[in-house]
Amino acid sequence: MTEYVPGPSGSGSVVLDVGPGIGALVLHTPAALDGQEIEISRRDVPAARRTHSQVRERRTAGGVQYAAVYPGLAAGDYTIWRDAISPAGLVTIESGSVASYHWQ
(Lines give C-alpha, C1' and ligand atoms only; values in the text may rest on other atoms or scores of the structure.)
Protein backbone atom coordinates (compact mmCIF):
# COMPACT_ATOMS: atom_id res chain seq x y z
CA MET A 1 0.00 0.00 0.00
CA THR A 2 1.34 3.42 -0.94
CA GLU A 3 1.04 6.23 1.58
CA TYR A 4 -0.31 9.54 0.28
CA VAL A 5 2.20 12.38 0.62
CA PRO A 6 0.56 15.81 0.52
CA GLY A 7 2.11 18.57 -1.54
CA PRO A 8 3.14 22.01 -0.32
CA SER A 9 0.85 23.91 2.04
CA GLY A 10 -0.38 27.35 1.21
CA SER A 11 -0.80 30.24 3.60
CA GLY A 12 -3.65 29.68 6.04
CA SER A 13 -4.06 25.96 5.28
CA VAL A 14 -3.31 24.67 8.81
CA VAL A 15 -5.86 24.87 11.63
CA LEU A 16 -4.35 25.00 15.12
CA ASP A 17 -6.38 23.85 18.11
CA VAL A 18 -5.29 26.11 21.01
CA GLY A 19 -7.09 27.16 24.15
CA PRO A 20 -7.13 26.44 27.89
CA GLY A 21 -4.51 23.79 28.59
CA ILE A 22 -3.80 23.27 24.87
CA GLY A 23 -1.11 24.75 22.63
CA ALA A 24 0.64 23.97 19.36
CA LEU A 25 4.15 23.74 17.94
CA VAL A 26 5.60 24.87 14.62
CA LEU A 27 8.96 23.15 14.08
CA HIS A 28 10.99 25.01 11.43
CA THR A 29 13.53 22.87 9.58
CA PRO A 30 15.99 23.07 6.70
CA ALA A 31 14.72 21.99 3.25
CA ALA A 32 16.79 18.79 3.51
CA LEU A 33 14.23 17.43 6.03
CA ASP A 34 11.27 17.83 3.64
CA GLY A 35 9.11 14.71 3.88
CA GLN A 36 10.69 13.42 7.10
CA GLU A 37 8.58 12.47 10.12
CA ILE A 38 9.83 14.12 13.32
CA GLU A 39 8.69 12.78 16.68
CA ILE A 40 8.04 14.65 19.92
CA SER A 41 7.06 13.41 23.38
CA ARG A 42 6.16 14.80 26.79
CA ARG A 43 9.33 15.35 28.77
CA ASP A 44 7.72 14.97 32.20
CA VAL A 45 6.09 11.59 31.47
CA PRO A 46 8.50 8.62 31.60
CA ALA A 47 8.07 6.39 28.53
CA ALA A 48 5.59 8.88 27.05
CA ARG A 49 4.06 7.87 23.74
CA ARG A 50 5.60 9.85 20.89
CA THR A 51 3.63 11.73 18.31
CA HIS A 52 4.97 12.74 14.91
CA SER A 53 4.38 15.17 12.11
CA GLN A 54 5.75 15.35 8.60
CA VAL A 55 7.98 18.21 7.49
CA ARG A 56 6.35 19.90 4.52
CA GLU A 57 7.05 22.81 2.24
CA ARG A 58 5.01 25.77 3.43
CA ARG A 59 4.45 28.68 1.06
CA THR A 60 3.75 32.04 2.68
CA ALA A 61 3.83 35.68 1.64
CA GLY A 62 7.38 35.78 3.05
CA GLY A 63 8.58 32.91 0.84
CA VAL A 64 9.07 29.16 1.15
CA GLN A 65 9.72 27.56 4.53
CA TYR A 66 9.86 23.97 5.72
CA ALA A 67 8.08 22.99 8.91
CA ALA A 68 6.28 20.28 10.83
CA VAL A 69 3.15 21.39 12.69
CA TYR A 70 1.84 19.78 15.88
CA PRO A 71 -1.66 21.08 16.72
CA GLY A 72 -3.60 20.36 19.91
CA LEU A 73 -0.74 19.58 22.32
CA ALA A 74 -1.33 19.50 26.06
CA ALA A 75 0.58 22.33 27.74
CA GLY A 76 3.95 21.19 29.11
CA ASP A 77 7.56 20.44 28.23
CA TYR A 78 8.34 18.31 25.17
CA THR A 79 11.42 16.60 23.75
CA ILE A 80 11.96 16.90 20.00
CA TRP A 81 13.67 13.71 18.75
CA ARG A 82 16.45 13.70 16.13
CA ASP A 83 16.13 9.90 15.86
CA ALA A 84 14.95 7.01 18.05
CA ILE A 85 17.40 7.78 20.88
CA SER A 86 18.85 11.27 20.33
CA PRO A 87 17.01 14.39 21.43
CA ALA A 88 17.28 17.38 19.09
CA GLY A 89 15.92 19.89 21.59
CA LEU A 90 13.37 20.85 24.19
CA VAL A 91 10.36 23.09 23.84
CA THR A 92 7.67 24.34 26.21
CA ILE A 93 4.08 24.39 24.98
CA GLU A 94 2.04 27.03 26.78
CA SER A 95 -1.71 27.04 27.21
CA GLY A 96 -3.44 28.94 24.40
CA SER A 97 -0.19 29.65 22.51
CA VAL A 98 1.77 28.49 19.48
CA ALA A 99 5.42 27.69 20.22
CA SER A 100 8.10 27.89 17.56
CA TYR A 101 11.33 25.87 17.42
CA HIS A 102 14.14 26.05 14.84
CA TRP A 103 15.89 22.74 14.09
CA GLN A 104 19.68 23.04 14.40
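Numbers given to residues run from 1 along each chain, matching the order in which its sequence is written. This being a predicted model, a pLDDT of at least 70 is required before a residue's local features are given, and a value of 80 or more before pairs of side-chain atoms are given or counted; all residues contribute to the totals for chains, interfaces and linings. Calculation of side-chain values draws on the structure's entire complement of heavy atoms; hydrogens and water are dropped beforehand.

(A) Fine view of the nonpolar core. With 18 residues, the main nonpolar core has L25, L27, I38, Y70, I80 and V91 as its most contacted residues. We count a stretch as a helix when DSSP gives it H or I for four or more residues in a row; a strand needs E for two or more, and each element gets its number in order from the N terminus. When contributions to this core are tallied by element, the ones reaching two or more residues are β1 (22-29), β2 (37-42), β5 (63-74), β6 (76-81), β7 (87-93) and β8 (98-102). With four residues, β5 is the single largest residue contributor to this core. Beyond its immediate chain neighbours, meaning those up to four positions away, Y70 contacts G23, A24, L25, L27, I38, E39, I40, T51, H52 and S53. Definition used in this section: a nonpolar core is a set of buried Ala, Val, Leu, Ile, Met, Phe, Trp, Tyr and Cys residues joined via side-chain atoms within 4.5 Å. In this scheme, a residue with accessible area under 20% of its type's maximum is buried, one over 50% is exposed, and one in between is partly exposed, where area comes from a 1.4 Å probe on protein chains only. Contacts are assigned to residue pairs with any non-hydrogen atoms lying within 4.5 Å of each other.

(B) A look at the pattern of salt bridges. We count a salt bridge whenever a side-chain nitrogen from Lys or Arg sits within 4 Å of a carboxyl oxygen from Asp or Glu. What the rule picks out here adds up to three salt bridges. Measuring nitrogen to oxygen at the nearest pair gives 2.9 Å for the salt bridge that ties D44 to R42. The class of R42 is partly exposed, set by a relative accessible area of 23%. Among the ionic pairs, E57 bridges to R59, the shortest N-O distance being 2.6 Å. On the basis of relative accessibility, which here comes to 46%, the residue R59 falls in the partly exposed class.

(C) Broad picture of the sheet that holds β8. Note on pairing: DSSP must find at least two bridges between two strands before they are called paired. Taken in spatial order, the four strands line up as β4-β5-β1-β8 in an open sheet, and their pairing is mixed. Sheet topology places β4 (56-60) and β8 at the edges, where each strand pairs with a single neighbour. Averaged over all pairs of adjacent strands, the angle between strand axes in this sheet comes to 40°, irrespective of strand direction. Summarising the sheet, β4 and β5 pair through five bridges and their orientation is antiparallel. Residue pairing across strands places R59 opposite V64, the latter belonging to β5. Every axis in this analysis is a line fitted to C-alpha atoms, fitted for helices over the stretch in contact. Angles between the N-to-C directions lie between 0 and 180 degrees.

(D) Structural detail: the environment of D34. Relative to the helices and strands, D34 is located in the loop between β1 and β2. In this structure the C-alpha to C-alpha distance between D34 and A67, which are 33 residues apart in sequence, comes to 8.0 Å. Ignoring sequence-local partners within four residues, the contact set of D34 consists of V55, R56, E57 and Y66.

(E) Local environment of the environment of V98. Relative to the elements of secondary structure, V98 occurs in strand β8. Along the primary structure V98 and L73 are separated by 25 residues, whereas in three dimensions their C-alpha atoms are 9.7 Å apart. Setting aside its immediate chain neighbours within four residues, V98 contacts L16, V18, A24 and V26.

The values reported here are purely geometric and, on their own, carry no functional implication.
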